[in-house]
Amino acid sequence: MAAFMRIGVDDCNRIARTLGLSLNTVYTYRNRTRQRAADRNSFMADLMKIS
């Protein structure tokens, strides 16, 4: 999930089809990941900084 977000794929439908998951599962994973982030407001920016 993080890899797709890292390369800029924001379409949950596309991620779900590619991974063979339901759309609800993708939403759940994304929300759980954001909730566990140290700073939710800059989550995407912080994710993009990971090398």
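Residues numbered from 1 in each chain as written. Predicted model: local features only at pLDDT ≥ 70, side-chain atom pairs only at ≥ 80, totals over all residues. Heavy atoms only, no water.

**Student:** Would you take a moment to explain the side chain of Arg-30 for this structure?
**Tutor:** Among the secondary structure elements, Arg-30 is positioned in helix H3 (residues 23-36). It is Asp-10 that comes nearest to the buried, bridge-free Arg-30 among opposite-charge side chains, at 4.5 Å. At 3.3 Å, the side chain of Arg-30 and the backbone oxygen of Asp-10 are in polar contact. In this structure Arg-30 touches Met-1, Met-5, Asp-10 and Cys-12, once residues within four positions along its chain are discounted. (Helix = DSSP H or I, 4+ residues; strand = E, 2+ residues; numbered from the N terminus. Buried < 20%, exposed > 50% of the residue type's maximum accessible area, 1.4 Å probe, protein only. Lys, Arg positive; Asp, Glu negative; His and termini not counted. Salt bridge = Lys/Arg side-chain N within 4 Å of Asp/Glu carboxyl O. Polar contact = N/O pair within 3.5 Å; in protein donor to acceptor, adjacent residues only side chain to side chain. Contact = heavy atoms within 4.5 Å.)

**Student:** Sorry, what's going on with helix H2 (residues 12-19) here?
**Tutor:** Along an α-helix, residues three or four positions apart point the same way, because every turn accommodates 3.6 residues. Residues of H2 that are buried include every one of Cys-12, Ile-15 and Ala-16, and no others. Buried residues in H2, looked at end-on, bunch into an arc of 100°, giving them a common side. In H2, the exposed residues that point more than 90 degrees away from the buried face are Arg-17 and Thr-18. Downstream of H2 by one or two residues, Gly-20 has phi in the positive range, about 75°. (Arc of directions from axis to C-beta.)

**Student:** Explanation requested: a nonpolar patch on the surface in the structure shown.
**Tutor:** Side chains of Leu-19, Leu-21 and Tyr-29 sit close together on the surface and give an oily, nonpolar patch of about 250 Å² of accessible area. Among the structural elements, Leu-19 can be located in helix H2. Take Leu-19: its relative accessible area is 39%, and that puts it in the partly exposed class. (Patch = residues over 30% accessible without salt bridge, like charges linked within 9 Å, V, L, I, M, F, W, Y side chains within 5 Å. Areas by Shrake-Rupley, 256 points an atom, 1.4 Å probe, with all protein chains shown as cover.)

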